[in-house]
Amino acid sequence: MENYTIVILILAIMIGLSAIADNIKLPYPILLIVAGIAVGFIPSIPDIELNPEIVFLIFLPPLLYDAAFNISYQTFKTNINTIGTLAISLVFITASGIAVVAHFMIPGMTWPLAFVLGAILSATDAVAAMSITKGLGISHNTNTILEGESLVNDASALVAYRFAVAAVTGAAFIFWKATLEFFILMAGGFVAGLVIGKILAFIIKRVHKNDMVTVSFLLLMPFVTYLVAEHFHVSGVIAVVVLGLSIARFSAKVFPEKLKQQSKSIWDIIIFLLNGLIFIFIGLQFPYVIKNIPKAQIWPYVGYSFLITVVALILRMVRVFLQKVNLQNAFKKGKHKITIDALLDFKSSLIISWSGMRGIVSLAIAIGLPVTLADGSPFPERNAIIFISVVVVLFTLIGQGLTLPWIVKRLTDE
């Protein structure tokens, strides 16, 4: 009953603060994160530890499905080169860059542990970026690139994390095996999403005249798809994304307008509540993890976190602007069928670069670190890795989140 009361209280705070944020012209994720931190420090509030399994099963599937369902397939296809660059190669570049900094800067951070930290913080969270930039007049192309990146990069980060943790536990890392497993996970997730999408389309064709049944199936299937894919040890993230893309194309032909509006209204409420809870929970984690760090180490770890945040931002900016140049060169030479719509200008490149915030997936992966190794000994530097991950998430969300609207406005005014 106590937990139930806390959840209701958090929901009430979230809804109230979201309304206030509109009036004071402050991005609501920032307000919710600050509120979460404040609530977490209230002495009578019990520690609220984020359960990684809940994040990956309850939060991730509907958010991914909604983004994939509503994304413009044609614009996604046009920008697939940039999306793939950000969602796959940049993830591994960021993980490696953070690992180098962590290894040489943080005491006790061995190479395997440094790569664990790098993998945790390698993927960006477009939920935060899209929530903060909503209504700022960002181009459809830029929005699609950010959403498309978020649909795939979680899978890349989870694969990198899995291999890094295996290295800590003593498993040998063989590059060709890791590469093969990565492609099997991605391809398996693609097939799982495609097959379940076909099954769902077959069912909807026969029940689409019953609005409640149809909408219920649409709400249920992201969770089912994720569970099925994970059961077969392939990427549940990719499976849900493919399901969303395939059902979006199918629904355009079959769904009547009334059903589309009904479905959209229900999904809008669900996504609003999930997004709000995510940002509150991110804030709540800080008071929880700070208790596990010796007081003398808190400020040094905050300093390490700030440096990692800066390094991750620089790597992203370099990669995005390099992609801008590569696209222009490929377009001039007529290579890879790059169209003029796929080109990036300075404005979109800067916005994409600055939108590289970390979020709920990074937190869930960090908190999901094993407590012990196979031999029963404690997982080395676990509390330090979790604390640094939480602080980096807060730095990116609050720092970049507060400045991103200003940057967009300045670029728009020019």
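Residues numbered from 1 in each chain as written. Predicted model: local features only at pLDDT ≥ 70, side-chain atom pairs only at ≥ 80, totals over all residues. Heavy atoms only, no water.

A. Focus on the pattern of salt bridges. In this structure the tally under the stated criterion is 3 salt bridges. The salt bridge partner of Arg 316 is Glu 149, with a shortest N-O separation of 2.8 Å. Of this pair, Arg 316 sits in helix H13 (residues 295-333) while Glu 149 is found in helix H8 (residues 140-168), placing the two residues 167 residues apart along the sequence. Residue Arg 316 shares its accessibility class with Glu 149, and that shared class is buried. (Salt bridge = Lys/Arg side-chain N within 4 Å of Asp/Glu carboxyl O. Helix = DSSP H or I, 4+ residues; strand = E, 2+ residues; numbered from the N terminus. Buried < 20%, exposed > 50% of the residue type's maximum accessible area, 1.4 Å probe, protein only.)

B. Structural detail: the packing of aromatic side chains. Scanning the model with the defined rule gives 14 aromatic pairs in all. An angle of 85° between the planes, with centres 6.1 Å apart, marks the rings of Tyr 28 and Phe 279 as edge-to-face. Separated by 251 residues along the polypeptide, Tyr 28 in helix H2 (residues 28-40) and Phe 279 in helix H12 (residues 257-290) bring together distant segments of the chain. Judged by relative accessible area, which is 0%, Phe 279 ranks as buried. Ring plane angle 35° and centroid distance 6.0 Å describe the contact between Trp 111 and Phe 115, whose orientation is recorded as tilted. Placement of both Trp 111 and Phe 115 in helix H6 (residues 111-120) is noted, with a separation of 4 residues, approximately one turn of the helix. Grouping aromatic residues by their ring pairs yields a cluster made of Phe 41, Phe 286, Tyr 301, Tyr 304 and Phe 387. If you follow Arg 206 out to its NZ or CZ, it ends over the ring of Phe 202, 3.8 Å from the centre. (Phe/Tyr/Trp six-rings, centres within 6.5 Å; stacked < 30°, edge-to-face > 60°. Lys NZ or Arg CZ within 6 Å of the ring centre and 35° of its normal.)

C. Looking closely at the packing of H2 against H12. Orientation of H2 relative to H12, taken along the N-to-C sense of each, is 40°, at an axis distance of 7 Å. By the criterion of interaxial angle, the relationship of H2 to H12 is oblique. H12 is crossed by H2, and the crossing has right-handed handedness. Taken together, the residues of H12 that come into contact with H2 (itself represented by Tyr 28, Pro 29, Leu 32, Ile 33, Ala 35, Gly 36, Ile 37, Val 39 and Gly 40) are Asn 275, Gly 276, Phe 279, Ile 280, Ile 282, Gly 283, Leu 284, Phe 286 and Pro 287. In the contact of H2 with H12, the residues fall into 13 nonpolar, 5 polar and no charged. (Axes fitted to C-alpha atoms, helices over the stretch in contact; angles between N-to-C directions. Parallel < 35°, antiparallel > 145°, perpendicular 65-115°, else oblique. Left-handed = near helix turned anticlockwise from the far one by under 90°. Contact = heavy atoms within 4.5 Å. Nonpolar A, V, L, I, M, F, W, Y, C, P; charged D, E, K, R; others polar.)

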